[in-house]
Amino acid sequence: MSSVTEPQSSTPTTSAIELEISGMTCASCANRIERKLNKLDGVTATVNYATEKAKVTYDPSVSTDVLVSAVEAAGYQAALPKPKGTGQASAGDEEDDVDPTRSLRQRLLVSTLLTIPVIAMAMAPALQFTYWQWLSLTLAAPVVVWAAWPFHRAAWTNLRHGATTMDTLISLGTIAALGWSLYALFWGTAGVPGMTHPFELTVQRTDGSGNIYLEAATGVTTFILAGRYFEARSKRRAGAALRALLHLGARDVAVLRDTPDGPVEVRIPTDQLSVGDLFVVRPGEKIATDGVIEQGSSAVDASMLTGESVPVEVAPGDDVVGATVNAGGRLIVRATRVGADTQLSQMARLVEDAQNGKAEVQRLADRVSGIFVPIVIAIAIGTLGFWLGTGGGLAAAFTATVAVLIIACPCALGLATPTALMVGTGRGAQLGILIKGPEVLESTRKVDTVVLDKTGTVTTGRMTLTDVIVAEGEDPDEVLRMAGALEDASEHPIAQAIATGARHRVGTLPTVEGFANVEGLGVQGIIAGTPTGGRPVSHAVLVGRPRLLEEWSQHLTIDLERAMADAQARGGTAVAVGWDGKARGVIVVADAIKETSADAIAQLRDLGLRPVLLTGDNATVAAAVAAEVGIDAADVIADVLPADKVDVVKRLQAEGRTVAMVGDGVNDAAALAQADLGLAMGTGTDVAIEASDLTLVRGDLRATADAIRLARRTLGTIKGNLFWAFAYNIAALPLAAAGLLNPMLAGAAMAFSSVFVVANSLRLSGFKPLAGNQVGGEGR
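Numbering of residues begins from 1 in every chain and follows the order in which that chain's sequence is written. Per-residue local features are limited, in this predicted model, to residues with pLDDT of at least 70; the limit for side-chain atom pairs, both in listing and counting, is 80 or more; totals at the level of whole chains, interfaces and linings are taken over all residues. The side-chain numbers reported here are obtained from all heavy atoms of the structure, hydrogens and water having been left aside.

> Give a description of the pattern of salt bridges that names residues and reports values.
Working definition: two side chains of opposite charge can pair if their charged atoms are close together. Any carboxyl oxygen of Asp or Glu within 4 Å of a side-chain nitrogen of Lys or Arg constitutes a salt bridge here. Under the counting rule described, the total for this entry stands at 23 salt bridges. In this structure, Glu474 engages Arg584 in a salt bridge whose closest nitrogen and oxygen atoms are separated by 2.9 Å. Pair noted here: Glu474 is in the loop between strand 16 (459–470) and helix 17 (476–487) and Arg584 is in strand 21 (residues 582–593), with a separation of 110 residues, a long-range link. Taken individually, Glu474 and Arg584 each receive the classification buried, so the pair is uniform in this respect. Helix and strand definitions here come from DSSP, where helices need a minimum of 4 consecutive H or I residues and strands a minimum of 2 consecutive E residues; each element is numbered from the N-terminal end. Each residue is assigned to one of three classes by its accessible area relative to the maximum for its type, calculated with a 1.4 Å probe on protein chains only: buried under 20%, partly exposed between the two thresholds, exposed over 50%.

> For the sheet that holds strand 13 (residues 331–337), give the residues involved together with the corresponding values.
By definition, the strands of a sheet pair up through backbone hydrogen bonds, in either a parallel or an antiparallel sense. Following DSSP output, two strands are said to pair if at least two bridges run between them. Ordered by their spatial adjacency, 6 strands build an open sheet running 6-5-7-13-8-11, and the pairing between neighbours is antiparallel. Every other strand in the sheet has two partners, leaving strand 6 (264–269) and strand 11 (319–320) as the edge strands with one partner each. Pairing geometry for strand 8 (residues 290–295) and strand 11, over 2 bridges, is antiparallel. Across the sheet, the residue bridging to Val292 is Asp319, located in strand 11.

> Which residues make up the pairing of strand 21, and what values go with them?
Most of strand 21 is tucked away: 9 of the 12 residues are buried. Pairing of strand 16 with strand 21 involves 8 bridges; the strand directions are antiparallel. Pairing of Met463 across the sheet is with Asp591, part of strand 21.

> Which residues make up the nonpolar core, and what are the values?
Soluble globular proteins tend to pack their nonpolar side chains together in the buried interior. The criterion is simple. A nonpolar core is a set of buried Ala, Val, Leu, Ile, Met, Phe, Trp, Tyr and Cys residues joined through side-chain atoms within 4.5 Å. The biggest cluster of nonpolar side chains holds 52 residues, and the ones touching the most others in it are Leu169, Ile212, Leu214, Phe372, Val376, Ile407 and Leu733. For this core, the secondary structure elements donating two or more residues are helix 4 (101–123), helix 5 (132–147), helix 7 (166–186), helix 8 (214–236), helix 12 (364–389), helix 13 (394–408) and helix 26 (703–737). With 9 residues, helix 7 is the largest single contributor of residues to this core. Contacts were defined at the residue level, with two residues in contact if any of their heavy atoms lie within 4.5 Å. The residues touching Phe372, leaving out its near neighbours within four places in the chain, are Leu169, Ala408, Phe726, Asn729, Ile730 and Leu733. Counting residues in hydrophobic clusters, the runner-up holds 43 residues, among them Val423, Val458, Leu604 and Ala703.

> Describe the packing of helix 5 against helix 7, with residues and values.
Every angle, taken between N-to-C directions, lies between 0 and 180 degrees, and every axis is a line fitted to C-alpha atoms, over only the stretch in contact when it is a helix. Between helix 5 and helix 7, the least distance of the axes is 11 Å, while the angle of their chain directions is 150°. One finds that helix 5 runs roughly antiparallel with respect to helix 7. In the packing of helix 5 onto helix 7, the handedness of the crossing is left-handed. Along its contact with helix 5, which presents Gln133, Trp134, Leu137, Val144 and Val145, the element helix 7 presents Thr174, Leu178, Leu182, Leu185 and Phe186. Considering only residue class, the contact of helix 5 with helix 7 consists of 8 nonpolar, 2 polar and no charged. Relative orientations are named as follows: roughly parallel for angles under 35 degrees, roughly antiparallel for angles over 145 degrees, roughly perpendicular for angles from 65 to 115 degrees, and oblique for any other angle. Each crossing gets its handedness from the near helix: less than a right angle anticlockwise from the far helix is left-handed, clockwise is right-handed. Polarity classes work like this: nonpolar for Ala, Val, Leu, Ile, Met, Phe, Trp, Tyr, Cys and Pro, charged for Asp, Glu, Lys and Arg, and polar for all others, with Gly in that last group.

> For the packing of aromatic side chains, give the residues involved together with the corresponding values.
The description of two aromatic rings rests on the distance between their centres and on the angle between their planes. The aromatic pairing rule takes the rings of Phe, Tyr and Trp, using the six-membered ring of Trp, and pairs them if the centres are within 6.5 Å, calling planes under 30 degrees apart stacked, those over 60 edge-to-face and the rest tilted. Counted by the stated rule, this structure contains 7 aromatic pairs. Seen in terms of ring centroids, Phe723 and Trp724 are 5.2 Å apart; in terms of plane orientation they differ by 80°. Their pairing is edge-to-face. An aromatic cluster of three or more residues is present, and its members are Trp134, Trp180, Tyr183, Phe186 and Trp187. The lysine or arginine in question, Arg107, covers the ring of Trp146, its NZ or CZ lying 5.0 Å from the ring centre. Either the NZ atom of lysine or the CZ atom of arginine qualifies as a charge over a ring when it sits within 6 Å of the ring centre and within 35 degrees of the ring normal.

> Residues and numbers for the packing of helix 4 against helix 5, please.
Between helix 4 and helix 5, the shortest axis-to-axis distance is 9 Å and the interhelical angle comes to 150°. By the angle between their axes, helix 4 is roughly antiparallel relative to helix 5. Helix-helix and strand crossings are classified by hand; for helix 4 and helix 5 the assignment is left-handed. The residues of helix 5 that touch helix 4, namely those facing Gln106, Arg107, Val110, Ser111, Leu114, Thr115, Pro117, Val118, Met121 and Ala122, are Trp132, Leu135, Ser136, Leu139, Ala140, Pro142, Val143, Trp146 and Ala147. Here the contact of helix 4 with helix 5 is built from residues that sort into 14 nonpolar, 4 polar and 1 charged.

> Break down the sheet that holds strand 20 (residues 573–579) for me, with residues and values.
As summarised here, the arrangement of the 6 strands in space is 16-21-20-19-18-17, forming an open sheet in which the pairing is antiparallel. Edge positions in the open sheet fall to strand 16 and strand 17 (512–518), since each of these has one partner strand only. In this sheet, adjacent strand axes meet at a mean angle of 20° when their direction is disregarded. Bridge analysis of strand 17 against strand 18 (residues 522–528) gives 5 bridges, and the strand direction is antiparallel. In the sheet register, Glu513 faces strand 18, and the bridge partner there is Ile526. Of the strands in this sheet, strand 16, strand 20 and strand 21 are in contact with helix 20 (residues 558–569), which crosses strand 21 at around 15°.

> Explain unusual backbone geometry to me, using residue names and the numbers behind them.
A positive phi angle is found at Ser553, which is not glycine, with a value near 60°. Structurally, Ser553 is set in the loop between helix 19 (546–550) and helix 20. Of note, the phi angle at Asp580 is positive, near 50°, even though the residue is not glycine. Mapped onto the elements, Asp580 comes out in the loop between strand 20 and strand 21.

Honestly, it's all geometry; don't read function into it.
The following block contains the structure:
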């Protein structure tokens, strides 16, 4: 079991394992398994209903088979984790997984098709032809028996352990409705030809022998199956962040192998790399694994892992990280860490730990049902006893008892969450906000701190030309034209930013001859300048660090040196430009701040939230960005690695704050998962999006405030729906116990509660974004 256990640093005599749990239907199931495991000597366990995993720390004397048996004794299934390979996930891994939503989807589709005519015939007397009741039975039986089977199985499991959940009420109600309908059809008067349910709302006692409740049984089953299906589909995405992380790395790598004729490149899968192997990384390729550069120099784009917006210059002896991109020259790298030891794999573990450690959010209906279900069962038993004891007759006693179970059956409860979520998420999609599931919503109500990643969230995440400062007497457009032409021949991201900016500002760029890259300093080449006296004049142009110009005796003036220092203090990257023996100017590029970021920060403050800037960039850059968008200097945290971002979120949570995290990169994924509410920019990486709870499709930070407002409004609607659904049940229960509910009144009351819930949910479609945040097509 060494592949699935790991020693704990604080208690080396214990091991840890993560069991995969199946069969849970609500949060109370997770609590039951947790209690069962914690009763074992030397075992400490936490069970997460959302991820369907149990994290168990146990004494080595306890066999893993004992842990699995304990879970099975509680009525659920447990499986040991599958051994993880050291390489990348295969493309077929996801396809090999069994889709847990498939069975629910099939049950929902069949149930819906059969339920619609049953409800239509029961509620519309015009559709009640001579033998309509027998057709209703034929259509309803498969729904109550087969489609509702998951509820019956869960109710039986809970009953064996002396517990009741919403499944218990659903199972009892649907079986009671079907059972009484069978009695009325075969032994009562409901099966006679021409029987109808008149459309009348009266309160009167009846022996129930002429009443069928099939529409109640099928309607409850279908509505609650729909809620379970959408919940299961949301939970299936829980592991997507880890799969996306594993797919970031290179698939294969060119390794150098010694032969009698010298080193030869051999292409092998990445998972076959060993520590000490030399491998080649060409421009534009991903670095296969963590290592140290043996030959070559280049610029490495590590923004996906570190958040640093400026590519890092690397040379022999420098460390590089797997999955980062070689933006410049050819490199030969010696592998120092492979497989599970790489920084990418460590980040995957961070995301997984953060997801599994997140406090589970119990569904509101399940929480209330812990009290409501036992009360309903007690009322039903009391009703039966009362009518039998007072000589009311067996038929009347059973009619009243069944009416109690039917009227308490949670039809509106089944609609409360999915309808509000469906309308809320649909409206969010129109506004560029994607809400992943109902478990997301509770966090939004309590959020008081918003942690913002800088690169790609507050800023554009792309290097952009921001300024051209020239020496006295020089033309800014000419300086930019010369620098742009030379940099256009370079693959460096900063060079490309200058070339793109020059092309937009001055138009076509001249041709470069004799282009050369001066390692670590810049570039040089020959460019034809403006014709003089009818003859074109060529210039030897230098673009790069001041040291490159100094080697050609082209020293920056005091004004240019000051401009360069000022640009760097503001978080920009400045390069010097010179030709014909003289420094001509300084060009500044920077990760530009989004135009909407300052407005977004103000909107978050108006919601009572405290914005915190968190970045892998240096303190100077971070402070400059914070000052421009309106974040207090005390709320700026810079120079942080991915693991440090998680620690910052944990520290804020330890201070009693409820934290929302907004990010867009791989480096943000673990922090997004750790935060109470994770918001990913839709313009960012798949890993960040999968690890988050909300996705802002447009990449506009102003959508953060609207997302939090919409999520809070949706949660409020769900709570309102649940209140009225239970209020309807509570108000109708006394009538049912008194034997005063006829089927039409019961059906109408149930229909009214459902219509009310749907209508209340539809109010979310009128949600408006804050002024100025409207997107195209808004305002209809």
